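# Analysis of the macromolecular model
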Amino acid sequence: MSASVARADRPRVGMVGGGQLARMSAAPAAALGIDFRVLATSRQESAAQVVSDVFIGAHDDEHAVLAFADGCDVVTFDHEHVPPPILEKLEARGIAVRPGPHALINAQDKAIMRRTLEGAGAPVPAWRVVESVDAAEEFAKLVGYPFILKTSRGGYDGKGVWRIEDGQQLAGVMSGELPPGAQWLAEEAVPFVQELSAQVARSPSGQSVAYPVVRTVQADGICSEVVAPAPGLDAERAVAAQRIALEIAGSLNVTGMLAVEMFDTGEELLVNELAMRPHNSGHWSIEGAVTSQFENHLRAVLDLPLGSPRLRAPAAVMMNILGGDVGDLYSAYRHVFARDPGLKVHLYGKEVRPGRKVGHVTAVGDDVEELTMRARHAADYFMG
Ligand code: ADP
């Protein structure tokens, strides 16, 4: 635990979670001259390495969260897993929780999210909570095989998502254990032509800004590549995607950044997922936008006027660096920097494990193909 003196002349934002999103929030917090505190599980966590005001504790330990929040003006999140009763306790103590528990629950549980979105009139894939293999087979009769089976809670980076090809596979997957509080969720397999993410920032007083809609590419369920703006997305559909995201932010009363992940089928847009925090699909904005998602998240949770989300150049391409064979990422710097002085690299200080997100690279410029090649070369080099 660390103590730091509260200052009357500037607010303190506390972020629950010590991952790379908190780490990348620390830079704009410093630039804005606000105090920034993190609740991390250990000193070795990504954000705990670079933030001076760190509390060590678990996000689901009420005592730890309350101690961390004491002295914060606003509490916000690097992940969505804090149990709602703890957040309600914080609110009862007069600490602003942004986004609030009623919004956040939709990012914690995909079944609740689907129900809320349907109620708000947002377009979603056909879906159903299925309590048994029989119920899932009934659903399959409606939408056909393959369909998508998910756990409503506890999934990330494609874990907890299965493409079900037949009854045998279905029975196998459903014989597995559900994460605590989770249900099985069956969805039609949407035949998308691309996956999009529409990010907006929204402040408690209701100001919202919409970032350019981006294309996301996933490999094995993990985001590997983001292109801003989404290539080939016509202006009308891009505006439709932004409007969907703005409407969801408003109707769910989201404060801070909201990412709405969508499927573009070529004919319609369907909402897949919500994230109520800075998101991997917005890392490009650090160099590519006038105001990064991390800065706008801080501005939004502090109810400050929001910064421009506009691109600084015609395009930006971000590639994730996933853990590969090389444990020492720093050794790649000499080659990557010498080859491409225009490229920007972010390493998260995380131990390299196969498939783990350990950093990203961004290239900003005019030509998407050229930017993609440059970013891919660097990311591949880091991954060995
Ligand atoms: P996570 O919480 O792990 O990000 P998602 O629900 O976003 O899980 O699913 C991960 C990926 O699985 C999506 O990016 C998409 O590629 C695929 N997917 C998820 N749901 C569907 C669906 N209904 N139809 C087709 N593909 C899907």
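Structure report, in brief.

Calculation rules
Residues numbered from 1 in each chain as written. Predicted model: local features only at pLDDT ≥ 70, side-chain atom pairs only at ≥ 80, totals over all residues. Heavy atoms only, no water. Pairing = 2+ DSSP bridges. Helix = DSSP H or I, 4+ residues; strand = E, 2+ residues; numbered from the N terminus. Contact = heavy atoms within 4.5 Å. Axes fitted to C-alpha atoms, helices over the stretch in contact; angles between N-to-C directions. Expected span 1.5 Å × (residues − 1). Buried < 20%, exposed > 50% of the residue type's maximum accessible area, 1.4 Å probe, protein only. Near = heavy atom within 4 Å. Polar contact = N/O pair within 3.5 Å; in protein donor to acceptor, adjacent residues only side chain to side chain. Areas by Shrake-Rupley, 256 points an atom, 1.4 Å probe, with all protein chains shown as cover. Nonpolar A, V, L, I, M, F, W, Y, C, P; charged D, E, K, R; others polar. 1 Å grid on protein atoms, 1.4 Å probe; cavity = no way out; pocket = protein on both sides within 12 Å on 5 of 7 lines; lining within 4 Å. Points joined across faces, edges and corners; volume = space filled by probe spheres on them.

Overall, parallel pairing links the five strands, which are arranged β3-β2-β1-β4-β5 in an open sheet. With one partner strand each, in any of the chains shown, β3 (53-56) and β5 (96-97) form the two edges of the open sheet. Of the strand pairs in this sheet, strand β2 (residues 35-40) and β3 are connected by four bridges, and their pairing is parallel. Across the sheet, Val38 pairs through a bridge with Val54, a residue of β3. The sheet strands contacting helix α1 (residues 20-32) are β1 (12-16) and β2, and the helix crosses β2 at an angle near 170°. Relative to the sheet, helix α2 (residues 62-69) contacts β1, β2, β3 and β4 (74-77), its axis offset from that of β2 by approximately 170°.

Attention shifts here to α1. Two residues of an α-helix separated by three or four positions point the same way, owing to the 3.6 residues in each turn. The first and last C-alpha atoms of α1 sit 19 Å apart over 13 residues, in line with the 18 Å expected at 1.5 Å per residue. Three or more residues of α1 are buried, namely Gln20, Leu21, Ala22, Arg23, Met24, Ser25, Ala26, Pro28 and Ala29. Against the buried residues of α1 lie β1, β2, α9 (285-288), α10 (293-301), β17 (344-347) and β18 (357-365). Just past α1, the residue Gly33 takes up positive phi, approximately 70°.

Mapped onto the elements, Val130 comes out in strand β6 (residues 127-130). You can call Val130 buried: its relative accessible area is 1%. For Val130 and Trp184, which are 54 residues apart along the polypeptide, the C-alpha to C-alpha distance reads 5.5 Å. Not counting the four nearest positions on each side in its chain, Val130 is found in contact with Ala135, Ala136, Phe139, Leu149, Met174, Trp184 and Ala186.

Quick look at the site of the ligand now. In the neighbourhood of the ligand, 17 residues make up the surrounding shell, with Lys150, Gly158, Glu187, Val190 and Glu195 lying closest. The side chain of Lys150 places a nitrogen or oxygen atom 2.8 Å from an oxygen atom of the ligand. Note that an oxygen atom of the ligand is positioned 2.6 Å from one of the backbone N or O atoms of Gly158. Protein contacts shield 90% of the accessible area of the ligand, which totals 550 Å² for the unbound molecule. Secondary-structure elements contributing two or more residues to the shell around the ligand are β7 (147-151), β9 (184-188) and β15 (269-275). Taken together, the residues of the shell around the ligand sort by class into seven nonpolar, three polar and seven charged.

Once that is clear, we can look at the side chain of Glu187. Within the fold, Glu187 resides in strand β9. Looking at Glu187, the relative accessible area reads 3%, which means it is buried. A distance of 3.2 Å separates polar atoms of two side chains, one belonging to Glu187 and the other to Lys150. Not counting the four nearest positions on each side in its chain, Glu187 is found in contact with Arg114, Pro125, Ala126, Trp127, Phe139, Phe147, Ile148, Lys150 and Asn272.

A word on the layout of surface pockets. Gaps left between atoms show up when a probe the size of a water molecule is rolled over them. Of the volumes computed, that of the second largest pocket is approximately 200 Å³. Met24, Ala27, Pro28, Ile286 and Ser292 are the residues nearest the centre of the second largest pocket, which is lined by 17 residues in total. Considering every element that reaches the lining of the second largest pocket, the biggest residue donor is α1, with five residues.

Turning next to unusual backbone geometry. Residue Pro99 follows Arg98 across a cis peptide bond; omega there is -5°. Position of Pro99 relative to the elements: it lies in the loop between β5 and α4 (101-108). In the segment running from Ala228 into Pro229, the intervening peptide bond is cis, with an omega of -10°. Assignment of secondary structure puts Pro229 in the loop between β13 (222-228) and α8 (235-251). In the Ramachandran plot, Asp157 falls in the positive-phi region, its phi being about 45° despite a non-glycine side chain.

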